[in-house]
Amino acid sequence: MNKQLYEKGFDDKYMGDHAGEFNAWFISDMICLTGGNVSCTGKEYVEVTTYDYKKRICIYLDQMKFICWVGDDYSYTQKDYLAFEGFCAKYNLQFEEWSDE
């Protein structure tokens, strides 16, 4: 598992141990890709969408895959794809395009 994706953890007497939580910079970078919000999370899954759902990306951490949802309902620019490639290179993720069908 890529160590950049998770916090190393620290003992904070007020907030407790943060080991195993997503790294804040990782989540921030992911949100910046679409300008949207985190819409769904799980132990091994994070999804970010825009308000109008024209952009939807997710990451399966157990498989180290970056998923870009494509189809008639989604809209991406070449700049988006370049940002996705850079993000995948930074966090050592495999880029894939999936369809709702």
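That block above? That's the structure.
Computed from a prediction, not measured in an experiment: that's the story for all the values here. Here the residue index of a chain counts from 1 through its sequence in written order. Where local features are concerned, this predicted model is filtered to residues with pLDDT of at least 70; where side-chain atom pairs are given and counted, the filter is 80 or more; whole-chain, interface and lining totals use all residues. Remark: hydrogens and water are excluded; side-chain values derive from all non-hydrogen atoms of the structure.

**Let's talk about the packing of helix H1 (residues 24-34) against helix H2 (residues 78-91)**
Part 1 of the reasoning: One way to put it is that H1 packs onto H2 with a least axis distance of 10 Å and a crossing angle of 165°. Looking at the two axes, H1 sits roughly antiparallel to H2. Once H1 is placed against H2, the crossing between them reads as left-handed. Packed against H1, whose contacting residues are Trp 25, Phe 26, Asp 29, Met 30 and Leu 33, the element H2 presents Asp 80, Ala 83, Phe 84, Phe 87, Lys 90 and Tyr 91 at the interface.
Part 2 of the reasoning: Only Asp, Glu, Lys and Arg are considered charged in this grouping, and only Ala, Val, Leu, Ile, Met, Phe, Trp, Tyr, Cys and Pro are considered nonpolar; every other residue, Gly among them, is considered polar. Of the residues in the contact of H1 with H2, the class split is 8 nonpolar, no polar and 3 charged. The angle between two axes is taken between their N-to-C directions and runs from 0 to 180 degrees, where each axis is a line fitted to C-alpha atoms and a helix contributes only its stretch in contact. Secondary structure elements are defined from DSSP: runs of H or I of at least 4 residues count as helices, runs of E of at least 2 residues count as strands, and each element is numbered from the N terminus. For classification purposes, an angle smaller than 35 degrees is called roughly parallel, one larger than 145 roughly antiparallel, one from 65 to 115 roughly perpendicular, and anything else oblique. If you view the pair so one helix is near and one far, a crossing is left-handed when the near helix is turned anticlockwise from the far one by less than a right angle, and right-handed when it is turned clockwise. In this description, contact between two residues means that some pair of their heavy atoms is separated by no more than 4.5 Å.

**Details of the packing of aromatic side chains**
The geometry of an aromatic ring pair comes down to the distance between the two centres and the angle between the two planes.
Part 1 of the reasoning: Put simply, two rings from Phe, Tyr or Trp (the six-membered ring, in Trp's case) pair if the centres are within 6.5 Å, and we call them stacked under 30 degrees between planes, edge-to-face over 60, tilted for the rest. Taken as a whole and judged by the stated rule, the model has 14 aromatic pairs.
Part 2 of the reasoning: Residues Tyr 76 and Tyr 81 carry aromatic rings whose centres are separated by 5.8 Å and whose planes lie at 65° to one another, so their mutual orientation is edge-to-face.
Part 3 of the reasoning: Three or more aromatic residues joined by ring pairs form one cluster here, namely Phe 26, Phe 66, Tyr 76, Tyr 81, Phe 84, Phe 87, Tyr 91 and Phe 95.
Part 4 of the reasoning: Residue placement shows Arg 56 over the ring face of Trp 69; its charged tip is 4.1 Å from the ring centre. Counting as a charge over the ring demands two things of the Lys NZ or Arg CZ atom: a distance within 6 Å of the ring centre and an angle within 35 degrees of the ring normal.

**Some details on the state of the cysteines**
Part 1 of the reasoning: The definition used for a disulfide is geometric: two cysteine sulfur atoms within 2.5 Å. With the rule as written, the count across this model stands at 0 disulfides.
Part 2 of the reasoning: Cysteine Cys 40 shares no disulfide, and the gap to the nearest cysteine sulfur, in Cys 58, comes to 9.1 Å.
Part 3 of the reasoning: Here Cys 88 is not disulfide-linked; the sulfur of Cys 68 is the nearest cysteine sulfur, at 9.5 Å.

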